[in-house]
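Next come the chains, spelled out residue by residue.
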Amino acid sequence: MIVPMKKVSLVVLDREKKEALKTLRKTGVVHLETVEGKGEVLARYKNISDTLFNASMLLAEVKVNKKTFTFENVSNEEAFNKAKRVLEIVDRKKELFDQITNLTSELDRFAGWGNLDPKDFEYLTQKGIYISMYEIPSDKMSLISDDVKTILVNTSKSITRFLLLSDKSDAERPQGLPPEAFAVVLPETSTEEIMENVRKAKDELSAIQREFDESVKYLESINAYYKLLQTDIEFENIYSGMETDCSSEESVNALAWITGFVPVDSFEKLALTAKENAWALASSDPTEEDMVPTKLKNNKLVSLIYPLTDFLGTVPGYNEYDISGWFLLFFTVFFGMIFGDGGYGLLVTVITLLLLIKNAAKKKSSPVLALVFLVGLATVGWGCVTCTWFGLTPEQLPDWVKNLSVKYISNVTPASYIFNVPWISDRSIGLTTANNLQIFCFGLALLQLSVAHIKGIFRNLKNGSLKVLGELGSLAQLWGMFYVVLSMVVSSAVFPLDLVVQDIPVAKIALGLVGGGFAFSFIFANYEGSIGKSILESCKNIISVLLGVVNVFSDIVSYIRLWAVGLAGAAISNTVNTMAGPLMGHAIMFAAAVLLLIFGHGLNMILNLLSVIVHGVRLNTLEFSTHLGMSWSGFKYKPFSETVNE
């Protein structure tokens, strides 16, 4: 359930607000509205925090053996200095890399000239000998006029290097020098000095890299200081951002106040604290305009879904539904169907059970492991009823395993086998196991989406709104469209659009539900006190309203992914077995076959897990939530406390 909230405002003397905030933080029940703090203290805290965070991210990339590596505990001040030094090292490393790159490029430019020193050219210039360095494609060397004074330095297949002699330092380019010849600019220092600078830069780079690697031992201290600092930042942000009526004349009696939200079951605790500290406390029920945090409260079983929703970052709005229980139920079923293989589920269950026992011995609890154990059991259950075990064929499984399966959806049943239905006299027409699995998927869709509209019906009944008729219309559309899906997707022969069973026109009733449901939805879906305005609103959005009927069809069909993705996983596991099977009969290749099985099935399990995240979660957070009218617009209740909520 979503815990009801009270909106509260606290008023204290401005001169006492720091102590008041400390007391409020110890109380730890008020989720404060966002305030924008200011001031030098807050800015300094944030700068320190940024430095610590950036250094932590950089040091975390260094791989160490945490079992043998020893971290060194230092004071907060020293941890900050070490963090600053880490950032300085990283900046210096970038400078050195750039320097080495530039110097190396310079050396490459003069690689064919040997050792060069600008001072030698200056000396010759002082003696009245003016020399310039040139390069030209070797096949163009013959184009240089005989009048041009040159000294050949060296030549290769592609480039020829030569010196150009002239009588004046500012002499123009000789006319006999072809345009293909280009001047080589002298280096600023000798090539030997450039090489020495490269060596020094590399030595410094190695030294600071060692210092950087050694700084990893301060990582825990840096992280600890960063975490501690977050409480100071939060406190200073609220302290400096509190509204006040402080004026220069009445600063002694100036007031400061802040607003927030507190769960109704914690309100008495806050009221008692306010009374003990002589604070003014005002409370009211939140309005629709208020940004109210969401606090969920459920039993231990339902709470198993929290690690997943926290990972996804999905939080229902304060005025939305808490679907944690339904989410857990359907996600567990979806996981079992998509993961699909009972053998995989058995592996997950056994490993998780061992970890749970280990944690229990240490008196630790892990909701994540409990959730994994639950979905592992669901996978084992699905593997039992479908007779799917490590991709093995039914012939490779013992009879007692095959007897656990349900013949209508079991792999034991031949794919071509037809299950006859009582309303079709033709014995050649019926349903295959694939058809039955499709019907099962669509049945899950009908069940889950019906739950969504039933919840809407009860909410509108409670509010006394005629929107309840709109929800009934949507529910009728859903049930009618279910038959349309069976006819169009599963089998038009088994579920024809003119089906009559014992004088009951089943197909006409289904189509009537679609049409009648659409009419009710069109009239009452937007009801806000006036039927006319509701119809007008539907008319304004006529295209989306009409598409809504199509969406009902597509939402039901969307659940076929449970069968299709599971089928793909089964095909992969079967392929892995087929590839490894011939190798198992050869002693030399046995190890390779085992490695292939481990790799192939391991990869398939990873792919199945990704499919669960993509498809299993989607059906809850999109199709189901859309029919509920949920947008997951909420944010978590995070009270102002001595431990910063992450």
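Residues numbered from 1 in each chain as written. Predicted model: local features only at pLDDT ≥ 70, side-chain atom pairs only at ≥ 80, totals over all residues. Heavy atoms only, no water.

Colleague: Would you take a moment to explain the overall build of the chain for this structure?
Modeller: Along the backbone of the chain there are 19 helices and nine strands. Computed over its C-alpha atoms, the radius of gyration of the chain comes to 38 Å, more than 25% above the 26 Å expected for a compact globule of 646 residues. Its C-alpha atoms give the chain principal-axis dimensions of roughly 120 × 90 × 65 Å. For the chain, with 646 residues in total, the buried portion stands at 41%. Total accessible area computed for the chain in this model is approximately 36000 Å², and 59% of it derives from carbon and sulfur atoms. Measuring between centres, the 58 positive side-chain charges of the chain sit 7 Å from its 68 negative side-chain charges. (Helix = DSSP H or I, 4+ residues; strand = E, 2+ residues; numbered from the N terminus. Rg over C-alpha atoms; globule rule 2.2 N^0.38 Å. Buried < 20%, exposed > 50% of the residue type's maximum accessible area, 1.4 Å probe, protein only. Areas by Shrake-Rupley, 256 points an atom, 1.4 Å probe, with all protein chains shown as cover. Lys, Arg positive; Asp, Glu negative; His and termini not counted. Charge placed at Lys NZ, Arg CZ, Asp CG, Glu CD.)

Colleague: Sorry, what's going on with the packing of aromatic side chains here?
Modeller: Aromatic ring pairs are described here by two measures, namely the spacing of the ring centres and the angle between the planes. Throughout the structure, instances matching the rule amount to 21 aromatic pairs. Between the aromatic rings of phenylalanine 327 and phenylalanine 331, the centroid separation amounts to 6.4 Å while the plane-to-plane angle is 55 degrees, which identifies the pairing as tilted. One end of the pair, phenylalanine 327, and the other, phenylalanine 331, are both in helix α9 (residues 324-339), four residues apart, so they sit about a helical turn from each other. For the pair formed by phenylalanine 327 and phenylalanine 331, the shared burial category is buried. Residues phenylalanine 520 and phenylalanine 524 carry aromatic rings whose centres are separated by 6.1 Å and whose planes lie at 35 degrees to one another, so their mutual orientation is tilted. Placement of both phenylalanine 520 and phenylalanine 524 in helix α15 (residues 506-524) is noted, with a separation of four residues, approximately one turn of the helix. Residue class for phenylalanine 524 comes out buried when judged on its relative accessible area of 11%. One cation-aromatic arrangement involves lysine 17 over tyrosine 239; the distance from NZ or CZ to the ring centre is 4.7 Å. Cation over ring: arginine 459 sits above tyrosine 321, and NZ or CZ is 4.2 Å from the ring centre. (Phe/Tyr/Trp six-rings, centres within 6.5 Å; stacked < 30°, edge-to-face > 60°. Lys NZ or Arg CZ within 6 Å of the ring centre and 35° of its normal.)

Colleague: Which parts of the structure should I look at to understand the pairing of strand β8 (residues 255-263)?
Modeller: Both faces of the sheet carry side chains from a regular strand, because those side chains alternate between them. Within β8, seven of the nine residues are buried, which leaves the element mostly enclosed by the surrounding structure. Pairing of strand β1 (residues 5-13) with β8, which is carried by nine bridges, proceeds in the antiparallel orientation. Bridge pairing in β8 links lysine 7 to phenylalanine 261. Taken together, the two bridges between strand β2 (residues 31-32) and β8 define a ladder with antiparallel strand orientation. From the neighbouring strand, leucine 32 faces β8, where its bridge partner is glycine 260. Across two bridges, the pairing between strand β7 (residues 243-244) and β8 is antiparallel. Paired with threonine 244 across the bridge in β8 is alanine 256. (Pairing = 2+ DSSP bridges.)

Colleague: Honestly, the packing of helix α10 (residues 342-361) against helix α11 (residues 367-386) in this entry has me stumped. Any pointers?
Modeller: For any two helices packed against each other, the geometry is given by the interaxial angle and the distance between the axes. The N-to-C vectors of α10 and α11 enclose an angle of 150 degrees; their axes lie 8 Å apart at closest approach. In terms of orientation, α10 and α11 fall into the roughly antiparallel class. In terms of crossing hand, the pair formed by α10 and α11 is left-handed. On α11, the residues touching Gly342, Gly345, Leu346, Val348, Thr349, Thr352, Leu353, Leu355, Leu356 and Asn359 of α10 are Leu369, Ala370, Val372, Phe373, Gly376, Leu377, Thr379, Val380 and Gly383. Grouping the amino acids of the contact of α10 with α11 by side-chain chemistry returns 11 nonpolar, eight polar and no charged. (Axes fitted to C-alpha atoms, helices over the stretch in contact; angles between N-to-C directions. Parallel < 35°, antiparallel > 145°, perpendicular 65-115°, else oblique. Left-handed = near helix turned anticlockwise from the far one by under 90°. Contact = heavy atoms within 4.5 Å. Nonpolar A, V, L, I, M, F, W, Y, C, P; charged D, E, K, R; others polar.)

Colleague: Is there a simple way to think about a positive patch on the surface in this case?
Modeller: A cluster of basic residues, Lys67, Lys358, Lys362 and Lys364, forms a positive patch on the protein surface. With respect to the helices and strands, lysine 67 occurs in the loop between α2 (40-59) and α3 (76-109). (Patch = residues over 30% accessible without salt bridge, like charges linked within 9 Å, V, L, I, M, F, W, Y side chains within 5 Å. Salt bridge = Lys/Arg side-chain N within 4 Å of Asp/Glu carboxyl O.)

Colleague: Can you walk me through the sheet that holds strand β5 (residues 159-166) in this structure?
Modeller: Strands pair in a sheet through their backbones, by hydrogen bonds, and they do so in one of two ways: parallel or antiparallel. One open sheet accounts for four strands, arranged β4-β5-β3-β6; its pairing is antiparallel. Both edges of this open sheet fall to β4 (150-155) and β6 (182-184), since each of them pairs with a single strand only. Taken over all neighbouring pairs, the strand axes of this sheet differ in orientation by 35 degrees on average, direction set aside. Where β4 lies against β5, five bridges are found, and the strand directions are antiparallel. Within β5, the residue paired with threonine 155 across the bridge is threonine 160.

Colleague: For this particular structure, what's the right way to read the pairing of β5?
Modeller: Taken together, the eight bridges between strand β3 (residues 130-137) and β5 define a ladder with antiparallel strand orientation. Bridging across to β5, serine 132 finds its partner in leucine 164. From the end of β4 to the start of β5, which pair antiparallel, there are three residues.

Colleague: Please clarify how helix α19 (residues 590-628) should be interpreted in this entry.
Modeller: Along an α-helix, residues three or four positions apart point the same way, because every turn accommodates 3.6 residues. With 39 residues, α19 extends 54 Å between its outermost C-alpha atoms, agreeing within 8% with the 57 Å of an ideal straight helix rising 1.5 Å per residue. For α19, the principal kink sits at arginine 618 and spans about 40 degrees. In the stretch just after α19, glycine 629 is the one whose phi turns positive, near 80 degrees. (Expected span 1.5 Å × (residues − 1). Bend = angle between axes of the 7 residues up to and from the residue.)

Colleague: I keep staring at the side chain of glutamate 236 and nothing clicks. Help me out?
Modeller: Mapped onto the elements of the fold, glutamate 236 is located in helix α6 (residues 219-241). Summary of buried charges: glutamate 236 has no salt-bridge partner, and the nearest side chain of opposite charge, lysine 18, is 5.2 Å away. With residues near it in sequence (within four places) discarded, glutamate 236 still touches Val41, Leu42 and Tyr45.

Colleague: Would you mind going over the pattern of salt bridges with me for this structure?
Modeller: For side chains of opposite charge, pairing can occur when their charged atoms come near one another. The full count for this structure, using the stated rule, is 18 salt bridges. Notably, a salt bridge pairs glutamate 88 with arginine 85, separated by 3.5 Å at the nearest N-O pair. Residue glutamate 88 and its partner arginine 85 are both found in helix α3; the two are separated by three residues, about one turn of the helix. For glutamate 88, a relative accessible area of 44% translates into the label partly exposed. The partner of arginine 199 in a salt bridge is glutamate 196, with the nearest N and O atoms 2.3 Å apart. Taken together, the positions of arginine 199 and glutamate 196, both in helix α5 (residues 191-214) and three residues apart, correspond to about one turn of that helix.

Colleague: Sorry, what's going on with the nonpolar core here?
Modeller: Generally speaking, a soluble globular protein has its nonpolar side chains buried in company with each other. By size, the foremost hydrophobic cluster in this structure holds 64 residues, and its most contacted members are Ile323, Phe331, Met481, Ile556 and Leu562. The contact partners of isoleucine 556, leaving out residues within four places of it in the chain, are Phe442, Ala445, Leu449, Leu478, Met481, Phe482 and Val485. Leu42, Tyr45, Val62 and Val216 belong to the second largest nonpolar core, which has 28 residues in total. (Core = buried A, V, L, I, M, F, W, Y, C linked by side-chain atoms within 4.5 Å.)

Colleague: It is not clear to me how a nonpolar patch on the surface should be interpreted in this structure. Could you clarify?
Modeller: Taken together, the side chains of Ile572, Phe599, Leu603, Ile606, Leu607, Leu609, Leu610, Ile613 and Val614 define a hydrophobic patch exposed on the protein surface, amounting to about 800 Å² of accessible area. When residues in the nonpolar patch are grouped by element, the largest group, eight residues, is from α19. In this fold, leucine 607 is placed in helix α19.

Colleague: I tried to follow unusual backbone geometry on my own but got confused; where do I start?
Modeller: Backbone geometry follows two general trends: most residues other than glycine have a negative phi, and most peptide bonds adopt the trans configuration. With a phi angle near 55 degrees, cysteine 387 is a residue other than glycine that sits in the positive phi range. Note on placement: cysteine 387 falls in the loop between α11 and α12 (399-402). For glutamine 502, which is not glycine, the phi torsion reads 50 degrees and is therefore positive.

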